[in-house]
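Descriptive structure summary
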Amino acid sequence: MANKKEFNGMSYRKVQRSNSDNKALMKLEEIQLLKNSGYKNVGWKKVSQLYLKLQDMLTSHYRENWSLDELFLEADRIGQKYQSVDEITTFEKQFTMLSQEINDEIDRHFPDVEVEIIDFSRV
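Here, residues in each chain are numbered from 1, in the same order as that chain's written sequence. Under the rules for a predicted model, residues below a pLDDT of 70 receive no local features and side-chain atom pairs below 80 are neither given nor counted, while totals for whole chains, interfaces and linings still include all residues. Heavy atoms from the whole structure form the basis of all side-chain values; hydrogens and water molecules are not counted.

What to know about the layout of surface pockets
Gaps left between atoms show up when a probe the size of a water molecule is rolled over them. For clarity, the cut-off: Think of a 1 Å grid over just the protein atoms. A cavity is a set of points where a 1.4 Å probe fits yet cannot get out, a pocket is an open set with protein on both sides within 12 Å along at least five of seven lines, and lining residues have an atom within 4 Å of a point. Grid points are joined across faces, edges and corners, and a volume is the space filled by probe spheres set on the points. Numbering of helices and strands starts at the N terminus; helices are DSSP runs of H or I of at least 4 residues and strands are runs of E of at least 2.
The calculated volume of the largest pocket comes to roughly 390 Å³. If you trace the largest pocket, you find 16 residues lining it, with Ser18, Asn22, Gln55, Lys81 and Tyr82 closest to the centre. Where the lining of the largest pocket is concerned, the elements lending two or more residues are helix H1 (12-24), helix H3 (44-59) and helix H4 (68-80). Considering every element that reaches the lining of the largest pocket, the biggest residue donor is H1, with five residues.

See the structure below:
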């Protein structure tokens, strides 16, 4: 059996998939720039060069204009790759419980005592 080549612990197909996923996060102009610069997702040498360039772009100024929500969503997406289904489920349960405790505490300190009547007959 032949010895399979790897790059950063990933097979050729995994590196290609990673490149495709990372390119999907970029703007069309950035993808065009990569293409015009000769970066391709075919062949070990080109695939590994593209992988390194994408990592560089993603960790540099590329994310400076992201909102806080976008950063949290991206961090969640990246983090889930390294967690098992059980770990994700456990975290979500704990998060839900903590969120409910915070909501209960806010309601305790700031009760909603005002009665609001909405008349839909005039709409």
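Focus on the nonpolar core
Condition: Remark: nonpolar core denotes a set of buried residues (Ala, Val, Leu, Ile, Met, Phe, Trp, Tyr, Cys) joined through side-chain atoms within 4.5 Å. Buried means the residue's accessible area, taken with a 1.4 Å probe over protein chains only, is under 20% of the maximum for its type, while exposed means over 50%, and partly exposed covers the values in between. By the convention used here, residues are in contact when the closest approach between their heavy atoms is within 4.5 Å.
Of all hydrophobic cores here, the largest spans six residues; its members are Met26, Leu34, Leu50, Leu54, Met57 and Leu58. At four residues, the largest contribution of residues to this core is made by H3. With residues up to four places along the chain from it excluded, the contact list for leucine 54 reads Asn19, Asn22, Lys23, Met26 and Leu34. Phe7, Met10, Val15 and Val47 belong to the second largest nonpolar core, which has five residues in total.

Digging into a negative patch on the surface
The condition is simple: Patch membership requires more than 30% relative accessible area and the absence of a salt bridge. Residues of like charge join within 9 Å; the nonpolar side chains Val, Leu, Ile, Met, Phe, Trp and Tyr join within 5 Å. Only the protein chains shown count as covering a residue, and every accessible area follows the Shrake-Rupley method with a 1.4 Å probe. Take a side-chain nitrogen of Lys or Arg and a carboxyl oxygen of Asp or Glu: if they are within 4 Å of each other, that pair is a salt bridge. Only four residue types enter the charge count: Lys and Arg as positive, Asp and Glu as negative, with His and the chain ends excluded. A charge is said to be at NZ when it belongs to Lys, at CZ for Arg, at CG for Asp and at CD for Glu.
Residues Glu101, Asp104, Asp107, Asp112, Glu114 and Glu116 make up a contiguous surface patch of negative charge. Inspection of the secondary structure assignment puts aspartate 107 in helix H5 (residues 85-109).

Overview of unusual backbone geometry
One non-glycine residue, asparagine 8, adopts positive backbone phi at about 55°. Tracing the backbone through its elements, the reader meets asparagine 8 in the segment before H1.

Quick look at the environment of valine 47
Tracing the backbone through its elements, the reader meets valine 47 in helix H3. Valine 47 sits in the buried class, given a relative accessible area of 0%. Between the alpha carbons of valine 47 and glutamine 16 there is a distance of 6.5 Å; along the sequence they are 31 residues apart.

Structural notes on the pattern of salt bridges
This model, assessed by the stated rule, comprises two salt bridges. Among the salt bridges present, the one from aspartate 21 reaches arginine 17, with a minimum N-O distance of 3.6 Å. With a gap of four residues between them, aspartate 21 and arginine 17 both fall in helix H1, about one helical turn apart. Residue arginine 17 is classed as exposed on the basis of its relative accessible area, which comes to 53%. For glutamate 105, the salt bridge identified is with arginine 108, shortest N-O distance 2.5 Å. Here arginine 108 and glutamate 105 lie together in helix H5, a separation of three residues that amounts to about one turn.

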